[in-house]
Amino acid sequence: MKEARYFYVPNAALETELPAEEAVHATRVLRLKEGDELFLMDGEGCFYQAEVALATSKKCLYTIKETLKQGLVWRGKIHLAIAPTKDMGRIEWMTEKATEVGFDEISFLDCKFSERKTLRVDRIEKIVVSAMKQSRKGWKPIVNPMTPFHSFIENCSNNGRKYICHCYQEIPRADFFTAITQEGSSLSEEDITVLVGPEGDFSIDEVRFALEHGFESVTLGNSRLRTETAGLSAVMMSQLARRV
């Protein structure tokens, strides 16, 4: 039995042709031909069982046979805002794994102690799409560009719970997992936005600024974690707390 082949096609129901990069993979790598089965993912909650209608060296046309709506796997939205590491490979790895685990949105923060001030959003997008296809996720996470820390805090419109993870002993911190698993039906449905700082942590002034804007002070546990480990841990805890 052949393994199902999945392709990311935004607005798949309204299109009849694979995007150029996906078409090359389908026709040149997988050597799909007319009549072969494939599955499309629109990144908005639907898979489509389809059939190749025409395959050339550069194009792959398809016909949809069945729409397969995907059920929600977790409640609310999970948004990770994180300062990227100096070694971009580490944050790319984290983004891939967080997508496999499952979350809704990622933002990148330019903080006082950040060692990286720029990143390629297009590269992160490709990593997210690849991980989404590999893990068969129905929704593609939103990838936002680098944003100054203060601008992100001031413009964060999440109506759910907002948290900032940090290591300052002089500022009281709740346990993150305990905070997001409190009893009460309303809490279990709320969106989660969680902030993770750079390798030198947020500055204490940044933490205080976030608290002044409605963020809650939290810790991810007793261990001192690397940035990418902290980000992935926050996503996994959020998943456990909000899974259906």
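Residues numbered from 1 in each chain as written. Predicted model: local features only at pLDDT ≥ 70, side-chain atom pairs only at ≥ 80, totals over all residues. Heavy atoms only, no water.

## A short note on the UniProt feature "domain: Ribosomal RNA small subunit methyltransferase E PUA-like" (unreviewed entry) in the protein chain
As recorded in UniProt, the sites labelled "domain: Ribosomal RNA small subunit methyltransferase E PUA-like" (unreviewed entry) are residues 18–61. The straight-line gap between the two end C-alpha atoms of residues 18–61 is 6 Å; of that span, 23% is helix and 39% is strand. (UniProt positions renumbered as here; feature names shortened; annotations may be inferred. Helix = DSSP H or I, 4+ residues; strand = E, 2+ residues; numbered from the N terminus.)

## Section: the side chain of threonine 95
You can see threonine 95 is positioned in helix H2 (residues 88–101). The class of threonine 95 is buried, set by a relative accessible area of 0%. Sequence-distant contacts of threonine 95, that is, excluding residues within four places in its chain, are made with Ile106, Phe108, Ile124 and Val128. (Buried < 20%, exposed > 50% of the residue type's maximum accessible area, 1.4 Å probe, protein only. Contact = heavy atoms within 4.5 Å.)

## Things to note about the sheet that holds strand E8 (residues 161–165)
Across the sheet, which stays open at both edges, the seven strands sit in the order E7-E6-E5-E10-E8-E11-E9 with parallel pairing between neighbours. Looking along the sheet, the strands with just one partner apiece sit at the ends: strand E7 (142–148) and strand E9 (174–175). Examined bridge by bridge, E9 and strand E11 (residues 216–219) share two bridges and lie parallel to one another. If you follow aspartate 175 over to E11, its bridge partner there is threonine 219. Sitting on the sheet, H2 is in contact with strand E5 (78–82) and strand E6 (105–110), with an inclination near 160° to E6. The sheet strands contacting helix H3 (residues 121–135) are E6 and E7, and the helix crosses E7 at an angle near 150°. (Pairing = 2+ DSSP bridges. Axes fitted to C-alpha atoms, helices over the stretch in contact; angles between N-to-C directions.)

## With respect to the pattern of salt bridges
The tally for this structure, following the rule as stated, stands at 11 salt bridges. A salt bridge links glutamate 125 to lysine 140; the shortest N-O distance between them is 2.8 Å. Residue glutamate 125 is found in helix H3, and its partner lysine 140 is found in the loop between H3 and E7; the two are separated by 15 residues along the sequence. A cluster of three or more residues bridged by salt bridges with shared partners is formed by Arg90, Glu199 and Glu228. (Salt bridge = Lys/Arg side-chain N within 4 Å of Asp/Glu carboxyl O.)

## So, the packing of aromatic side chains
Evaluation of the coordinates by the stated rule reveals four aromatic pairs. When the centroid spacing of 5.2 Å and the interplanar angle of 20° are considered together, the rings of tyrosine 6 and phenylalanine 39 count as stacked. Here the residue tyrosine 6 occupies a position in strand E1 (residues 6–8), and phenylalanine 39 occupies one in strand E2 (residues 37–41), the gap between them amounting to 33 residues. Accessibility classification places tyrosine 6 together with phenylalanine 39 in one group, the buried group. Following the ring pairs from residue to residue traces out a cluster consisting of Tyr6, Phe39 and Phe47. (Phe/Tyr/Trp six-rings, centres within 6.5 Å; stacked < 30°, edge-to-face > 60°.)

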